[in-house]
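Take a look at the letters that make up each chain.
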Amino acid sequence: MARVVNRHFLPLLSLLVLLPLVIAPQAGAAGQEPLAPWLQARAREHAAWAEDSTQVRSGPMGLWREWSSSEPMLPGFVPPTFLAPLIRAVEAGVVNINVMGSNPLQGATRTASGSGFILTPDGLVVTNNHVVARGNVAASEIVVRLSDGREFYAEVVGRDASTDVALLRLLGKGVGGLPAVYLGDSDRLEVGDWVVAIGNPFGLDHSVSHGMISAKERVIGVGPFDDFIQTDALINPGNSGGPLFNMRGEVVGVNTAIISEGQGIGFAVPINMVKDLLPNLRKNGQLQKGWLGVVIDEQPPAGTRAAVVKEVYRNSPAAQAGIRTGDQVVGVNGKQVDSYQQLLRKVAMLAPGSEAKLTLLREGTAQEVLVKLSARPAQAVLEALSSPGNLEELGLVLRDISPEVAGPMGLAPYTGVLVSAVFPRSPAARVGLRTGDVVTEVNRRKVKDIAAVKGALERGGAGSSVLLRIQRGTVQQYVALEP
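These figures come from a predicted structure and were not determined experimentally.

Caption draft 1: Examining the packing of aromatic side chains more closely. Summed over all chains, the structure comprises 2 aromatic pairs. Ring geometry for Phe 228 versus Phe 267: centroids 6.4 Å apart, planes at 70°, classification edge-to-face. Of the two residues, Phe 228 is situated in strand β14 (residues 228-231) and Phe 267 in strand β17 (residues 266-270); the sequence distance between them amounts to 39 residues. Across this residue pair, the class does not change: Phe 228 and Phe 267 are buried. When the ring centre of Tyr 478 is taken as reference, the NZ or CZ atom of Arg 444 above it lies at 4.8 Å.

See below:
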């Protein structure tokens with residue numbers, strides 16, 4: 001009959017066998033000392049195995065493992081219990097919003113409802129732009145109801161359709177000492193974090209739903225600032241503009257959108273984007289976009305996690321700060337930048353005239369530069385600046401007189417180059433050049449296209465005066481430009 005050995009006795013038996021081996025080298029001759037560290041390491045490994053063997057047991061034939069210890073299996077994980085204390089602490093800062101407004105095209109009055117949250121004790125409230133406006137038309141009447149039943153009229157301080165964020169101010173007596181919420185750090189969210197949404201779905205006052213972060217940085221095709229938090233916390237019509245709380249009771253997102261065909265797929269604007277935007281809205285009433293003055297490579301080399309500068313406009317904020325072609329922008333105001341889209345969002349949120357600290361990698365060396373942003377030029381100006389005919393040192397933007405351009409103007413194709421823009425306070429502006437002038441000679445050389453103009457300028461040397469022959473209608477004249 002085979003002897004049965006108690007399984008729990010095996011770890012102790014093995015330790016008793018190894019114990020003399022561990023002790024022996026310490027009592028032996030000096031020649032055996034090199035063996036002692038090895039034996040001690042094996043003893044430690046065995047002790048770890050013995051401890052683990054009391055916590056893990058195998059299924060039949062070793063097909064699976066089961067955790068038998070009462071200690072937590074996942075270090076740092078605390079299973080959720082109930083959320084009532086969190087909800088009681090934060091729900092007073094959540095508000096319901098009802099709006100009325102006239103549609104000037106249809107002559108009708110519309111009503112809508114949404115949610116929001118109190119940003120400051122003196123009555124600033126954050127919600128979605130689509131709650132308080134349709135297109136360019138803001139609601140004519142906005143009523144905000146607090147959790148204690150009080151109601152206030154509100155006015156729009158600022159709003160932005162591209163991010164779908166609006167800032168309201170409560171009006172009337174009794175505004176003060178309101179239960180404002182705390183804002184968190186949405187960059188620290190991880191997929192799987194627990195979140196709570198509170199709002200006014202279908203008019204059901206202060207409804208609560210909970211779930212988790214399903215994904216981050218979702219692009220859903222609504223504009224240039226696509227960077228949404230995806231959550232499975234239920235969001236329905238009426239939740240728009242309401243807060244998404246983390247388990248610390250901080251607002252980490254503004255509930256904004258859903259996929260109508262699905263369930264448990266909602267999207268929130270990250271609160272860090274809202275924090276970047278709010279000073280701009282409060283000061284300017286809308287998103288006044290800051291401009292850096294660079295062209296970013298939208299398809300950088302594989303493996304590059306940065307915004308790579310492809311071109312720097314002359315006299316732009318970036319040029320004045322010393323940014324160069326090839327620099328990699330890896331941070332804005334201490335926040336990491338991984339791509340062209342992230343740099344665009346972070347810079348555009350900052351108001352013109354504000355300063356931004358950019359972290360660059362230049363030839364492998366990190367450095368920081370301070371840039372004072374300017375107002376973003378009109379799209380036509382940006383296109384002119386990036387066109388091949390941009391002669392910024394002279395203050396001119398030129399265009400080839402192709403057959404398509406020549407026909408409507410009554411000109412012969414390629415008999416010169418057309419002045420399509422003149423920069424204010426530039427050398428060209430000082431001598432009176434105008435849009436529509438035709439440049440036929442540069443430094444006594446006839447030119448038929450932009451390439452010929454650039455060739456003639458290169459022969460003249462940098463910094464030297466430039467003599468142009470200009471045709472304006474039937475009149476021709478020479479003008480000298482001093483760059």
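Caption draft 2: Geometry of the nonpolar core. Within the largest apolar cluster, 30 residues are counted, with the highest numbers of intra-cluster contacts made by Val 126, Phe 245 and Val 274. Looking at this core, the elements with two or more residues in it are α3 (84-90), β5 (124-127), β10 (165-170), β12 (194-199), β16 (250-258), β17 and α5 (271-284). Top contributing element to this core by residue count: α5, with 6 residues. In contact with Phe 245, other than residues within four places in its own chain, are Val 90, Val 94, Val 181, Trp 194, Val 195, Val 196, Ile 198, Glu 250, Val 251 and Val 252.

Caption draft 3: Inspection of the environment of His 210 at higher detail. Its place among the elements puts His 210 in strand β13 (residues 207-218). Between the alpha carbons of His 210 and Ala 197 there is a distance of 6.1 Å; along the sequence they are 13 residues apart. Excluding residues within four positions of it along the chain, His 210 makes contact with Leu 83, Trp 194, Val 195, Val 196 and Ala 233.

Caption draft 4: Representation of unusual backbone geometry. At His 206, a position not held by glycine, the phi torsion is positive, near 50°. Following the sequence through the fold, His 206 ends up in the loop between β12 and β13. Residue class for His 206 comes out buried when judged on its relative accessible area of 14%. Notably, Glu 217 is not glycine yet its phi reads approximately 55°, a positive angle. You can see Glu 217 is positioned in strand β13.

Caption draft 5: Highlighting the side chain of Glu 441. Within the secondary structure, Glu 441 is located in strand β29 (residues 438-442). Engagement of the side chain of Glu 441 in a polar contact is seen with the side chain of Tyr 478, the distance being 3.1 Å. Not counting residues within four places of it along the chain, the set of residues in contact with Glu 441 comprises Lys 446, Val 447, Leu 467, Leu 468, Arg 469 and Tyr 478.

Caption draft 6: Looking closely at the pairing of strand β27 (residues 396-400). As paired elements, strand β26 (residues 390-391) and β27 share 2 bridges and run antiparallel to each other. Within β27, the residue paired with Leu 391 across the bridge is Leu 396. A loop of 4 residues connects β26 with β27, the two strands running antiparallel in sequence, and Gly 395 in this loop sits at a positive phi of about 85°. Two strands pair when backbone bridges link them, and β27 and strand β28 (residues 417-422) are joined in this way by 5 bridges, in the antiparallel orientation. The partner of Asp 400 across the bridge, within β28, is Val 417.

Caption draft 7: Main features of α5. Taking 1.5 Å per residue as the helical rise, α5 with its 14 residues ought to reach 20 Å, and the 20 Å between its terminal C-alpha atoms agrees with that figure. Residue Leu 277 marks the point of greatest curvature in α5, where the axis turns by about 35°; the proline Pro 279 follows within four residues. Residues Ile 271, Asn 272, Met 273, Val 274, Leu 277, Leu 278, Asn 280 and Leu 281 constitute the buried set of α5. Looking one or two residues past α5, Gly 285 carries a phi angle of roughly 80°, positive in sign.

Rules used throughout
Residues numbered from 1 in each chain as written. Predicted model: local features only at pLDDT ≥ 70, side-chain atom pairs only at ≥ 80, totals over all residues. Heavy atoms only, no water. Phe/Tyr/Trp six-rings, centres within 6.5 Å; stacked < 30°, edge-to-face > 60°. Helix = DSSP H or I, 4+ residues; strand = E, 2+ residues; numbered from the N terminus. Buried < 20%, exposed > 50% of the residue type's maximum accessible area, 1.4 Å probe, protein only. Lys NZ or Arg CZ within 6 Å of the ring centre and 35° of its normal. Core = buried A, V, L, I, M, F, W, Y, C linked by side-chain atoms within 4.5 Å. Contact = heavy atoms within 4.5 Å. Polar contact = N/O pair within 3.5 Å; in protein donor to acceptor, adjacent residues only side chain to side chain. Pairing = 2+ DSSP bridges. Expected span 1.5 Å × (residues − 1). Bend = angle between axes of the 7 residues up to and from the residue.

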